[in-house]
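# Analysis of the macromolecular model
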Amino acid sequence: MNIQDVKFIKSSPDLQSCPAESLPEYAFAGRSNVGKSSLLNFLTNTKKLAKISSTPGKTRLINHYLINNSWYLVDLPGYGFARTGKKIKADFQSFTSEYLLNRTSLACLFVLIDCRHEPLKIDLEFIHRCGEMHIPIALVFTKTDKLSEGRLLQNTDRYKRELLKTWEILPQVFSASTVTRTGRTEILNFIDKTNRVFGSG
Ligand code: GTP
Ligand code: MG
């Protein structure tokens, strides 16, 4: 799939403020700093569309980007980080949960996992909660440039084994690096296929 047109639509502080649910959308979730905004820029071939920072907690709102006038990419705030205190952290989580639970046009939630870590409780709990809420998910292992091929395989296998303790079938799994520019075609092909199911694109 070619990305011909990318438009930033809006940043929303809550579900009510999000654009109308007329098109399928693909959101990025994951711990702060895992690379959600970077992946959005990488997929759309833009350098500065979504704000990136080495300081966790950069993305604080629900950000909609319209692609080819037919579907949305959505950059979400990360979980597991509170620079501004507990109260704000709780607020982030509640509006992101509200979005995830009620957004019927959410075609797939990409849950990003830093490939360097062993399975972390916070990520596993998030993935399990998505399952309970019947949210369609796919996994993306990020920052694969930071590991050797062997180590990457070891870590992703370990993750899959961990998930198979509770999931009968694994979700779709991707690996990506914005440094070596890998994973883009696979993710865009998956979105293309899913869009067809939704009758868009
Ligand atoms: P929040 O908005 O704070 O939740 O973070 P985020 O998940 O959007 O992460 P962001 O895209 O801002 O990236 C965080 C840091 O990771 C930045 O310093 C990026 O340059 C770096 N990063 C992202 N993707 C990659 C990658 O594939 N490889 C490497 N080496 N670094 C990456
Ligand atoms: Mg971000």
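Residues numbered from 1 in each chain as written. Chains lettered and ligands numbered in written order. Predicted model: local features only at pLDDT ≥ 70, side-chain atom pairs only at ≥ 80, totals over all residues. Heavy atoms only, no water.

### Topic: the overall build of the chain
Our working rule: Where helices and strands are cited, they refer to DSSP runs of H or I of at least four residues and of E of at least two residues respectively, numbered from the N terminus. Exposure classes here rest on a 1.4 Å probe applied to the protein chains alone. A residue is buried below 20% of its type maximum, exposed above 50%, and partly exposed in between. By definition in these notes, contact holds between two residues if any of their heavy atoms fall within 4.5 Å. Surface accessibility follows the Shrake-Rupley procedure with a 1.4 Å probe radius. Residue values consider only the protein chains on display as shielding. Lys and Arg are tallied as positive, Asp and Glu as negative. Neither His nor the chain termini are counted. Here the site of a charge means atom NZ of a Lys, CZ of an Arg, CG of an Asp or CD of a Glu.
In terms of helices and strands, the chain carries 5 helices and 7 strands. Helices and strands in the chain line up, N terminus first, as β-β-α-β-β-α-β-α-β-α-β-α. Principal-axis analysis of the C-alpha atoms gives the chain an extent of 40 × 40 × 35 Å. By the burial criterion, 49% of the 201 residues in the chain qualify as buried. Here the contacts in the chain between residues at least 6 apart in sequence split such that 75% fall between residues at least 24 apart. Carbon and sulfur atoms make up 50% of the accessible area of the chain, which totals about 10,300 Å². Here the chain contributes 28 positive and 19 negative side-chain charges, whose respective centroids are spaced 7 Å apart.

### Quick notes on the pairing of strand 5 (residues 106-114)
The condition that has to hold: Whether two strands pair depends on DSSP finding at least two bridges between them.
Within strand 5, 9 of the 9 residues are buried, leaving the element largely enclosed by the surrounding structure. Relative to strand 5, strand 2 (residues 25-30) runs parallel, the two sharing 6 bridges. Bridge assignment links alanine 27 to a residue of strand 5, and that residue is leucine 109. As judged from the 6 bridges shared by strand 5 and strand 6 (residues 137-142), these two strands associate in the parallel manner.

### Points about the sheet that holds strand 5
Note the threshold: Note on method: axes are straight lines fitted to C-alpha atoms, helices fitted across the in-contact stretch only, with angles between N-to-C directions ranging 0 to 180 degrees.
Taking strand neighbours across the sheet as the criterion, the 7 strands line up as 1-3-4-2-5-6-7 in an open arrangement whose pairing is mixed. A strand with exactly one partner marks an edge of an open sheet, and here the two such strands are strand 1 (6-12) and strand 7 (172-175). Pairwise comparison of adjacent strand axes, ignoring direction, gives a mean angle of 25° for this sheet. As paired strands, strand 2 and strand 4 (residues 71-75) are joined by 4 bridges and run parallel to one another. Among the inter-strand pairings, alanine 27 is bridged to a residue of strand 4, identified as valine 74. Packed on one face of the sheet, helix 5 (residues 184-197) meets strand 2, strand 4, strand 5, strand 6 and strand 7 and runs near 160° to strand 5.

### A closer look at the packing of aromatic side chains
Between two aromatic rings, the relevant description is the distance of the centres plus the angle of the planes. Put simply, the test is: Aromatic pairing here means that ring centres of Phe, Tyr or Trp (its six-membered ring) are within 6.5 Å. Orientation follows from the plane angle: under 30 degrees is stacked, over 60 is edge-to-face, and everything else is tilted.
Tallying each qualifying case throughout the model produces 9 aromatic pairs. Where phenylalanine 141 meets tyrosine 159, the ring centres are 5.4 Å apart and the plane angle is 75°; that geometry is what we call edge-to-face. Placement of the pair is phenylalanine 141 in strand 6 and tyrosine 159 in helix 4 (residues 149-163), with a sequence separation of 18 residues. Note on accessibility: phenylalanine 141 and tyrosine 159 belong to one class, buried. Grouping aromatic residues by their ring pairs yields a cluster made of Tyr26, Phe28, Trp71, Phe110, Phe174 and Phe190.

### Topic: the site of ligand 1
This is how it is decided: The nearness test applies per residue and asks whether one of its heavy atoms lies within 4 Å of the molecule or strand. Each polar contact in these results corresponds to two N or O atoms within 3.5 Å; when the atoms are within protein, one needs to be able to donate a hydrogen and the other to accept it, and residues that are neighboring in sequence are counted only if both atoms are side-chain atoms. Gly is placed with the polar residues, together with every amino acid not listed as nonpolar (Ala, Val, Leu, Ile, Met, Phe, Trp, Tyr, Cys and Pro) or charged (Asp, Glu, Lys and Arg).
Around ligand 1, the surrounding shell holds 22 residues, and the nearest of these are Lys36, Ser38, Gly57, Thr59 and Asp145. For ligand 1, an oxygen atom lies 2.7 Å from a polar atom in the side chain of lysine 36. Calculation on ligand 1 without its partners gives an accessible area of 650 Å², and the protein chains cover 87% of this total. Its residues assigned to classes, the shell around ligand 1 comprises 4 nonpolar, 12 polar and 6 charged.

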